[in-house]
Amino acid sequence: TQSCSIDLEGNYHRKMTINLGGQTINSIMKITPDQRGDWKHIEIENPLIGKLSVQRQDNTARYKQKTRIVKAKIPQGDYTFYDDQGFLFESVMFKKYDLEKKGNQTFVRFRIPEAFSERGNQINLTVRLAKKETKTIKGKPLEFMVFSYKWLGATGDYWVDKDYKICLFYSKVYQTHAVREGYE
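In this text, all values refer to a predicted model and were calculated from it rather than measured experimentally.

Draft legend 1. Representation of the sheet that holds strand β13 (residues 166–171). The strand order across the open sheet built from 7 strands is β8-β9-β10-β11-β12-β13-β14, with neighbouring strands paired in mixed fashion. Both edges of this open sheet fall to β8 (80–82) and β14 (176–179), since each of them pairs with a single strand only. Mean inter-strand twist for the sheet, computed between neighbouring axes without regard to direction, equals 35°. When strand β11 (residues 140–151) meets strand β12 (residues 154–160), the two strands line up antiparallel, connected through 7 bridges. Counted as the bridge partner of Tyr 149 is Gly 156 from β12. Strand contacts of helix α1 (residues 88–96): β8, β9 (105–111), β10 (122–137), β11, β12 and β13, with the helix running at about 150° to β8, the strand carrying the most contacts.

Next comes the structure, spelled out in structure tokens:
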């Protein structure tokens, strides 16, 4: 299960819980913004990488990973934060998609690696509006935009409502799906 929230000031909290074979692990990310709403501090607790405390200093993210100090350059211009374990920032990216232009559009993303760490702090994701589709949920017809993405050779689909809330994510390659509570 996963819960994500972000408030109007930019405070972000994500908790992912995995229960398997009687074991439970949690992965947590908290982002604290500055006065403009840009992130200034990130706290991560992840059983794979331990605890990370990330500080933003101008256009650099600085943190200690195991025994080395990492100084990651933050992209100049327009970028969207990427959370390896969460989906909320995908909604922000989809809002930036040019619906009139359509086709493949590439988005610059910045991340603090919790997975695929060999890929670094900056990635590019290619997104395409694949289709619009209406589904009946709890007796009500709802229209969704289905965005397809491509990254690291894998593809996936995000079903997004009119408010850009993600209601379904599915990736055949990763054998992963997530359904927003209430949209089962």
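Draft legend 2. Examining a nonpolar patch on the surface more closely. Together, Ile 18, Leu 20 and Ile 25 give the surface a local cluster of nonpolar side chains, amounting to about 280 Å² of exposed area. Using a relative accessible area of 37% as the deciding quantity, one classes Ile 18 as partly exposed.

Draft legend 3. Broad picture of the environment of Gln 65. Take Gln 65: it is sitting in strand β6 (residues 60–65). Along the primary structure Gln 65 and Leu 168 are separated by 103 residues, whereas in three dimensions their C-alpha atoms are 33 Å apart. Gln 65 has contacts with Ile 49, Leu 52, Val 70 and Pro 113, leaving out every residue within four places of it along the chain.

Draft legend 4. Geometry of the pattern of salt bridges. The final tally for this structure, using the stated rule, is 10 salt bridges. Between Asp 78 and Lys 96 there is a salt bridge; the shortest N-O distance is 2.8 Å. Of this pair, Asp 78 sits in the loop between β7 (68–73) and β8 while Lys 96 sits in helix α1, and the two are 18 residues apart along the sequence. On the basis of relative accessible area, Asp 78 is assigned to the exposed category, the value being 57%. Relative accessible area serves as the criterion here: at 30%, Lys 96 is assigned to the partly exposed category.

Calculation notes
- Residues numbered from 1 in each chain as written.
- Predicted model: local features only at pLDDT ≥ 70, side-chain atom pairs only at ≥ 80, totals over all residues.
- Heavy atoms only, no water.
- Pairing = 2+ DSSP bridges.
- Helix = DSSP H or I, 4+ residues; strand = E, 2+ residues; numbered from the N terminus.
- Axes fitted to C-alpha atoms, helices over the stretch in contact; angles between N-to-C directions.
- Contact = heavy atoms within 4.5 Å.
- Patch = residues over 30% accessible without salt bridge, like charges linked within 9 Å, V, L, I, M, F, W, Y side chains within 5 Å.
- Areas by Shrake-Rupley, 256 points an atom, 1.4 Å probe, with all protein chains shown as cover.
- Salt bridge = Lys/Arg side-chain N within 4 Å of Asp/Glu carboxyl O.
- Buried < 20%, exposed > 50% of the residue type's maximum accessible area, 1.4 Å probe, protein only.

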